[in-house]
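One-letter residues, chain by chain:
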Amino acid sequence: MRDFDAVIFDLDGVICYTDEYHYQAWKAMADSIGVSFDREINNRLRGVSRMASLDIILEKYHGELSEAEKEELADQKNEIYKKLLAQMSPADLSDEVKSTLDELRRRSYQLAIGSSSKNAPFILRQIGLGEYFDAVSDGNNITRSKPDPEVFEKAAKMLWVGAKRCLVVEDAVSGAEAAHKGGMKAACVGDASRAGAGDYNMKSVKDLLEILP
Ligand code: B16
Ligand code: MG
């Protein structure tokens, strides 16, 4: 018997890469209020929700901001970010990721997205995967961000698959932690793989084909 029935993919850092766009957009916002922001701080924002990311950036801000002012700054960043996302196209989906997804589908696994991003549906449309997944759980249907397991639990529920039968694919340590808290196993790439945060720590997404017969 196989160990899993469904695979839940994180989006940013697993299916495609939008960190450079996040960086440019946060940098423009930070510059506008005179806060220093660099790639090291940007790395801490991986898998973190938009408002929690803003709080990290504002650690260097000397002053008081109301909740409304913070919302305004987050909106400002998101408008810049969306303009950058509009440049994305199916060419931003690698052959490796697409062929791995297709092969997993051929092997009859259910495939879902579990992303913190509220822009997930837009990004998926941009890269040509708008109608591809059996379920999309993202920043629009959750109230708690990773490492809380909510986003993955909701994806499993949409698929009608129990937590133990789901494998989560993540690039962020907080995402692997979220999978574990939700009673799921995690297969990691990138940062999370280097940190040994997964039950499987992979070199790249295609290694899933060894884990999932
Ligand atoms: P948004 P993931 C995450 O996506 C990003 O890694 C993180 O940097 C971002 O702050 C978060 O989405 C929220 O994104 O502002 O578009 O709602 O890795 O969970 O797919
Ligand atoms: Mg990610």
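Because the structure is a prediction, the values reported are computed rather than measured.

Engineer: Looking at this model, I keep getting lost on the side chain of Q126. Mind explaining?
Structural biologist: Examined against the element boundaries, Q126 turns out to sit in helix α6 (residues 120-126). The exposure class of Q126 is buried, given its relative accessible area of 18%.

Engineer: I would appreciate a short explanation of the site of ligand 1 in the present structure.
Structural biologist: Near ligand 1 you find 17 residues, and of these V48, S115, S117, K118 and N119 are the closest. Note that an oxygen atom of ligand 1 is positioned 2.8 Å from one of the backbone N or O atoms of S116. N119 is positioned with one of its side-chain polar atoms (N or O) 2.7 Å from an oxygen atom of ligand 1. When ligand 1 is considered free in solution it has 470 Å² of accessible area, and contact with the protein chains removes 98% of it. Class assignment for the residues of the shell around ligand 1 results in four nonpolar, seven polar and six charged.

Engineer: In this structure, what is going on with the coordination of the magnesium ion (ligand 2)? I would like to understand it.
Structural biologist: Metal coordination angles have textbook ideals: 109.5 degrees for a tetrahedral set of four donors and 90 or 180 degrees for an octahedral set of six. Within the protein, D10 (OD), D12 (O) and D171 (OD) serve as the donor atoms for the magnesium ion (ligand 2), at 2.0 to 2.2 Å. Read N to C, the donor residues that coordinate the magnesium ion (ligand 2) are spaced as D-x1-D-x158-D. Assessed through its relative accessible area of 22%, D12 is described here as partly exposed.

Engineer: How should I be thinking about the pattern of salt bridges in this particular structure?
Structural biologist: One side chain can pair with another of opposite charge once the charged atoms of both are near each other. Considering all chains together, one arrives at 21 salt bridges under this definition. A salt bridge links E79 to K82; its shortest N-O distance comes to 3.4 Å. Linking E79 with K82, this pair stays in helix α4 (residues 67-85), spanning three residues, or about one helical turn. Relative accessible area serves as the criterion here: at 42%, E79 is assigned to the partly exposed category. Where E177 meets K181, a salt bridge forms, and the shortest distance between an N and an O atom there is 3.8 Å. Taken together, the residues span about one helical turn, with E177 and K181 both in helix α8 (residues 173-181) at a distance of four residues.

Engineer: Which parts of the structure should I look at to understand the nonpolar core?
Structural biologist: Looking at soluble globular proteins, one finds that nonpolar side chains tend to be buried together. Counting residues in each nonpolar core, the largest one holds 36 residues, and the members touching the most others are F9, I15, F133 and L208. Listing elements by their share of this core, those giving two or more residues are β1 (6-9), α1 (19-32), α4, α5 (95-106), β2 (110-114), α6, β4 (166-170) and α10 (208-211). Formed by 21 residues, the second largest nonpolar core is a distinct cluster that contains A156, V161, A179 and A186.

Engineer: What is the right way to look at the state of the cysteines in this model?
Structural biologist: Cysteine pairs can be covalently joined through their sulfur atoms, and such a bond is termed a disulfide. For the coordinates displayed, the defined rule picks out zero disulfides. Free cysteine C16: the closest other cysteine sulfur is in C188, separated by 17 Å. Since its relative accessible area comes to 1%, C16 is described here as buried.

Engineer: Help me understand the pairing of strand β5 (residues 185-188) in this model?
Structural biologist: If a strand is regular, its side chains alternate between the two faces of the sheet. Pairing between β4 and β5: four bridges, direction parallel. Across the sheet, residue E170 finds its bridge partner in β5, namely C188. This β-α-β element, β4 to α8 to β5, shows right-handed connectivity. Pairing of β5 with strand β6 (residues 200-201), which is carried by two bridges, proceeds in the parallel orientation. Bridge pairing in β6 places C188 opposite N201.

Engineer: Any chance you could explain α8 here in plain terms?
Structural biologist: An α-helix turns once per 3.6 residues; consequently, residues spaced three or four apart project the same way. For α8, the complete set of buried residues consists of S174, G175, A176, A178 and A179. Buried positions along α8 lie against α7 (150-159), β4 and β5. One or two steps after α8, the chain reaches G183, where phi turns positive at roughly 80°.

Engineer: Help me out: how do you make sense of the environment of L45 in this one?
Structural biologist: By the element assignment, L45 lies in the loop between α2 (39-43) and α3 (50-57). Note: C-alpha distance between L45 and E177 (132 residues apart in sequence) is 15 Å. Aside from chain neighbours lying at most four places away, what touches L45 is W26, F37, S53, I56 and I57.

Engineer: Explanation requested: the environment of H180 in the structure shown.
Structural biologist: Looking at the secondary structure, you find H180 in helix α8. Relative accessible area serves as the criterion here: at 36%, H180 is assigned to the partly exposed category. Sequence spacing of H180 and D199 is 19 residues, and the spatial spacing of their C-alpha atoms is 9.4 Å. Once residues within four sequence positions are removed from consideration, H180 is found in contact with A186, A197 and D199. At 2.7 Å, the side chain of H180 and the side chain of D199 are in polar contact.

Parameters at a glance
- Residues numbered from 1 in each chain as written.
- Chains lettered and ligands numbered in written order.
- Predicted model: local features only at pLDDT ≥ 70, side-chain atom pairs only at ≥ 80, totals over all residues.
- Heavy atoms only, no water.
- Helix = DSSP H or I, 4+ residues; strand = E, 2+ residues; numbered from the N terminus.
- Buried < 20%, exposed > 50% of the residue type's maximum accessible area, 1.4 Å probe, protein only.
- Near = heavy atom within 4 Å.
- Polar contact = N/O pair within 3.5 Å; in protein donor to acceptor, adjacent residues only side chain to side chain.
- Areas by Shrake-Rupley, 256 points an atom, 1.4 Å probe, with all protein chains shown as cover.
- Nonpolar A, V, L, I, M, F, W, Y, C, P; charged D, E, K, R; others polar.
- Donors = N, O, S within 2.8 Å, 3.2 Å for Na, K, Ca; no water.
- Salt bridge = Lys/Arg side-chain N within 4 Å of Asp/Glu carboxyl O.
- Core = buried A, V, L, I, M, F, W, Y, C linked by side-chain atoms within 4.5 Å.
- Disulfide = S-S within 2.5 Å.
- Pairing = 2+ DSSP bridges.
- Right-handed = clockwise from strand over helix to strand, strands pointing away.
- Contact = heavy atoms within 4.5 Å.

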